[in-house]
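In case you want the letters, here they are:
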Amino acid sequence: MKFAVIVFPGSNCDLDMYWAMKEIMGADCEYVRYDADSLEGFDGVLLPGGFSYGDYLRCGAIARFANIMSEVIRFAEEGKPVFGTCNGFQILTEAGLLPGALRRNDSLKFISKITPLKVVNNQTKFTSEYQANEVIQIPVAHGEGNYYCDDETLADLKANDQIVFTYEGENINGSVENIAGITNKAGNVLGMMPHPERAMEELLGSDDGKKFFASILNNFGKVTAN
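What counts and what doesn't
- Residues numbered from 1 in each chain as written.
- Predicted model: local features only at pLDDT ≥ 70, side-chain atom pairs only at ≥ 80, totals over all residues.
- Heavy atoms only, no water.
- Phe/Tyr/Trp six-rings, centres within 6.5 Å; stacked < 30°, edge-to-face > 60°.
- Helix = DSSP H or I, 4+ residues; strand = E, 2+ residues; numbered from the N terminus.
- Buried < 20%, exposed > 50% of the residue type's maximum accessible area, 1.4 Å probe, protein only.
- Lys NZ or Arg CZ within 6 Å of the ring centre and 35° of its normal.
- Pairing = 2+ DSSP bridges.
- Axes fitted to C-alpha atoms, helices over the stretch in contact; angles between N-to-C directions.
- Contact = heavy atoms within 4.5 Å.
- Core = buried A, V, L, I, M, F, W, Y, C linked by side-chain atoms within 4.5 Å.
- UniProt positions renumbered as here; feature names shortened; annotations may be inferred.
- 1 Å grid on protein atoms, 1.4 Å probe; cavity = no way out; pocket = protein on both sides within 12 Å on 5 of 7 lines; lining within 4 Å.
- Points joined across faces, edges and corners; volume = space filled by probe spheres on them.
- Disulfide = S-S within 2.5 Å.
- Polar contact = N/O pair within 3.5 Å; in protein donor to acceptor, adjacent residues only side chain to side chain.
- Right-handed = clockwise from strand over helix to strand, strands pointing away.

Caption draft 1: Quick peek at the packing of aromatic side chains. Overall, the coordinates contain nine aromatic pairs when judged by the stated rule. Ring geometry for Phe83 and Phe213: centres 6.2 Å apart, planes at 85°, overall edge-to-face. One end of the pair, Phe83, is in strand S4 (residues 82-85); the other, Phe213, is in helix H5 (residues 210-220), and 130 residues separate them in sequence. When sorted by exposure, Phe83 lands in the same class as Phe213, which is buried. Between Phe126 and Phe212, the ring centres sit 6.0 Å apart and the planes meet at 25°, which makes this aromatic pair stacked. On the criterion of sequence distance, the pair formed by Phe126 in the loop between strand S6 (111-119) and strand S7 (135-142) and Phe212 in helix H5 is long-range, its members being 86 residues apart. Of the two residues, Phe126 and Phe212, neither departs from the other in class, the shared state being buried. Here a set of aromatic residues connected by ring pairs shows up, and it is made of Phe83, Phe126, Phe165, Phe212, Phe213 and Phe220. We note Lys2 situated over the ring of Phe42; from NZ or CZ to the ring centre the distance is 5.0 Å.

And the structure:
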């Protein structure tokens, strides 16, 4: 598989994402600019964290209209893997590829720390390497990670097992039902506020993110990890 790491003006986790997938997992990976008009030759899309377009308006609201997003949407509709972390999650909700929205943290403060997450659904193509209800340690770094959706949408998320990760213990940002990550109904698009690409080596505090990327590679294509 070959993955595209989309780079928007203001992205700051694109290098982390590239390093995690290419250097640690051994997958083919390239940067693709926001103003590109094609994803020809790629098999999956990775939307990194950061502050696309300076987070003007709402987070991800301008990036949603970037030239490359029509191709990202096409990928999602064709069932190819699309993953967004932090600002990438915000962009996916703004683009309508995932339900709900991300609001300011309840504390109105930026949060940056390693946070325990529960894998509440390990039956997705992004989480199959984890055990059911496994608690993993993944860093967060966001000011607007408070996931919100209305009651009808929440009921749908639960009915379709689309809630994948929840914050364990402390609800760090006020998210509805402690939600940290969700998929679309088809299961090929996942967004989460925490950063698995920053949890690839124990030296950095945790390597619990490796199973996340291994799940993607094992389920969407065959690439041998280092």
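Caption draft 2: Just the sheet that holds S4, in detail. The sheet built from nine strands is open, its strands ordered S2-S1-S3-S4-S11-S10-S9-S6-S7 with mixed pairing. Where the open sheet ends on each side, the last strands, each with one partner, are strand S2 (28-33) and S7. Adjacent strand axes in the sheet meet at a mean angle of 25°, parallel and antiparallel pairs treated alike. Set on the sheet, helix H1 (residues 14-24) makes contact with strand S1 (2-7), S2, strand S3 (44-47) and S4; between it and S2 the angle comes to about 160°.

Caption draft 3: Focus on the nonpolar core. Among the nonpolar cores identified, the biggest contains 70 residues, and Leu39, Phe165, Phe212 and Phe213 are the most heavily contacted of them. Counting residues per element, this core draws most heavily on H5, at six residues. With residues up to four places along the chain from it excluded, the contact list for Phe213 reads Met17, Ala20, Met21, Met25, Phe83, Pro196, Glu197 and Met200.

Caption draft 4: Region of interest: the UniProt feature "active site" (unreviewed entry) in the protein chain. UniProt marks Cys86, His195 and Glu197 with the feature "active site" (unreviewed entry), using the numbering shown here. Spanning 112 residues, the named residues nonetheless gather at one spot, since no C-alpha pair among them exceeds 11.0 Å. From the list above, the largest pocket is lined by Cys86 and His195. Of note, Cys86 is situated in the loop between S4 and helix H3 (87-94). Contacts of Cys86, omitting those with residues within four sequence positions, involve Gly49, Ala141, His142, Met192, Met193 and His195.

Caption draft 5: The layout of surface pockets, seen in detail. The volume enclosed by the largest pocket comes to roughly 160 Å³. Contributing elements (two or more residues each) for the lining of the largest pocket: H3 and S7.

Caption draft 6: A look at the state of the cysteines. Taken as a whole and judged by the stated rule, the model has zero disulfides. The thiol of Cys29 is not disulfide-bonded; the next cysteine sulfur, from Cys13, is found 14 Å away. No disulfide involves Cys149; its sulfur sits 18 Å from that of Cys59, the nearest cysteine.

Caption draft 7: Quick look at H3. Of all the eight residues making up H3, seven are buried; the element is thus mostly covered by neighbouring parts of the structure. Residues of H3 that are buried: Asn87, Gly88, Phe89, Gln90, Ile91, Leu92 and Thr93.

Caption draft 8: Representation of the side chain of Ser52 within the structure. Within the secondary structure, Ser52 sits in the loop between S3 and helix H2 (69-77). Separated by 2.8 Å, the side chains of Ser52 and Asn87 make a polar contact.

Caption draft 9: Main features of the pairing of S4. What you see with S4 is no split at all: Val82 and Gly84 on one side and Phe83 and Thr85 on the other are buried throughout. Where the polypeptide runs from S3 across H2 and back to S4, its parallel neighbour, the crossover connection is right-handed. Note: S4 against strand S11 (residues 189-192), four bridges, orientation parallel. Each bridged residue has a counterpart across the sheet, and for Val82 the counterpart in S11 is Val189.

Caption draft 10: Structural context of the pairing of S2. Alignment of S1 against S2, held across six bridges, turns out to be parallel. Note that in S2 the partner of Lys2 across the bridge is Asp28. Viewed along the sheet, the connection from S1 through H1 into S2 turns out right-handed.

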